Structure formats: C-alpha cells, structure tokens
Amino acid sequence: MEDIIKEYASGYAMLREAIEGLTEEELRYKPAPDKWSIHQILIHVTDSEMSSTSRLKKVLAEDEPTLISFDQDAWANNLGYDLLDREQYLLLFKMLRLSMQTILDHLTSEQSERVGVYVDQARFTFKQLLVYRVEHVRNHLAQIERVKKACRENQ
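Thresholds applied
- Residues numbered from 1 in each chain as written.
- Predicted model: local features only at pLDDT ≥ 70, side-chain atom pairs only at ≥ 80, totals over all residues.
- Heavy atoms only, no water.
- Core = buried A, V, L, I, M, F, W, Y, C linked by side-chain atoms within 4.5 Å.
- Buried < 20%, exposed > 50% of the residue type's maximum accessible area, 1.4 Å probe, protein only.
- Contact = heavy atoms within 4.5 Å.
- Salt bridge = Lys/Arg side-chain N within 4 Å of Asp/Glu carboxyl O.
- Helix = DSSP H or I, 4+ residues; strand = E, 2+ residues; numbered from the N terminus.
- Phe/Tyr/Trp six-rings, centres within 6.5 Å; stacked < 30°, edge-to-face > 60°.
- Lys NZ or Arg CZ within 6 Å of the ring centre and 35° of its normal.
- Expected span 1.5 Å × (residues − 1).
- Polar contact = N/O pair within 3.5 Å; in protein donor to acceptor, adjacent residues only side chain to side chain.

Novice: What should I look at first to understand the nonpolar core in this one?
Specialist: Buried together is how nonpolar side chains tend to be arranged in soluble globular proteins. L15, I19, I38, L42 and I144 are the most contacted members of the largest nonpolar core, which has 24 residues in total. The contact partners of I38, leaving out residues within four places of it in the chain, are I19, L22, E26, L27, Y29, I144, V147 and K148. Counting 15 residues, the second-largest nonpolar core is a separate cluster that includes I4, L60, L104 and L130.

Here it is in structure tokens:
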C-alpha cells in the first residue's frame, strides 16, 4: 500500500513533467476529431479527480456508501473543456491530491478494506479505488505521450 500512496502523491509532478516545454499549439493538438488534446486530457483528469476524491472519502466515512460515476464524454463535450483554464485545473488536481495526503498517511489496514458499492452493485475496497486513481493517471500519461508523438509526426 505504501508504494500506491507514494505514486498517488506524485501524480501532479508526473503530469507537470509530461507537459513541460510544450507549446500551446502542442497542448491543443488533437490527433483526430474524436480524440482529446493534451489540454482536454488534463481537464478530464482533474474532473475525474474531483469525483473520485469524494468517492474515496465516502468509502472511509460511510458504511458501504453508494458510489456514482460520471459520464466523461458528456463532461468533455458539454462543459467547454477548450475554454477552461488548464493552470487552474492543474492546481485543483494538486490540491485534491494534497487534501488526501494526511488521510492516506494515517490509513489503517482496516480502512483500506472498507467498501463502496456502485449502482450496478459492483463492490470496491478503498485500496482498489486508490489503485484505480494511480492507474488512471498512468493511463492518461501514456495517452499524453501518444498525442505528443502524433503531433510531432504531423509537423
């Protein structure tokens, strides 16, 4: 669990490193009309973090709470992701991760096994949900690398 918590804490730094030195044109490049730009990926990662931070806290605070997902495509398509301030969102991501750090630093093994239940009856422990948060950032870091590569190849 210690490694998971450590990687969770480094999520912001990893995102920052992934976009270091990119131009606005590179950040806004879309590899296809139906694919996200790096800018949009960063907004999505933060929106997902807002939603998941609430779920993580619910699992620790409530007895087998109901967990609700969000429709990422609806959010991206209907919330004007291209208009949103990327720096504000990155700061929000950083603050959300920092806000969980004290809780994670004092997490007991019993707490890591607490369960939340999605509306489809899928059950996840706190540990599983936290692992998913780490994997979510990993997956989007890989996506950012693919977009950067496509942008370079298109130039």
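Still more to cover.
Novice: Explain the pattern of salt bridges here, please?
Specialist: When the charged atoms of two side chains lie near each other, side chains of opposite charge can form a pair. Here the structure, examined in full by the defined rule, presents eleven salt bridges. With its nearest N and O atoms 2.4 Å apart, the salt bridge here joins R16 to E87. Separated by 71 residues along the polypeptide, R16 in helix α2 (residues 11–19) and E87 in helix α6 (residues 86–105) bring together distant segments of the chain. The salt bridge involving R133 is made with E49; its shortest N-O contact spans 3.4 Å. Of this pair, R133 sits in helix α8 (residues 126–154) while E49 sits in helix α4 (residues 38–61), placing them 84 residues apart in sequence. The exposure class of R133 is buried, given its relative accessible area of 2%. E49 gets classed as buried once you look at its relative accessible area, which sits at 0%. Taken together, the salt bridges that share partners define one network made up of E24, R28 and R86.

Novice: Looking at this model, I keep getting lost on the packing of aromatic side chains. Mind explaining?
Specialist: Each aromatic ring pair is summarised here by two numbers: the centre-to-centre distance and the angle between the ring planes. According to the stated counting rule, one finds two aromatic pairs in the structure shown. Taking 4.5 Å as the distance between ring centres and 55° as the angle between the ring planes, the aromatic pair formed by F70 and W75 counts as tilted. Accessibility expressed as a relative area gives 30% for W75, which makes it partly exposed. Ring centres of Y118 and F124 lie 5.7 Å apart, and the angle between their planes is 90°; this geometry places the pair in the edge-to-face category. Here R97 stacks its cationic end above the ring of Y8, 3.9 Å away from the centre of that ring.

Novice: In this structure, what is going on with α6? I would like to understand it.
Specialist: Think of an α-helix as 3.6 residues a turn; residues three or four steps apart then line up on the same face. Its 20 residues give α6 an end-to-end C-alpha distance of 29 Å, which sits within 8% of 28 Å, the value for a rise of 1.5 Å per residue. Here α6 has its buried residues at R86, Y89, L90, F93, L96, R97, M100, Q101 and L104. As for α6, its buried residues are in contact with α1 (2–9), α2, α3 (24–28), α4 and α8. Sitting at the amino-terminal end of α6 is D85, which places a side-chain oxygen 2.9 Å from the backbone nitrogen of E87.

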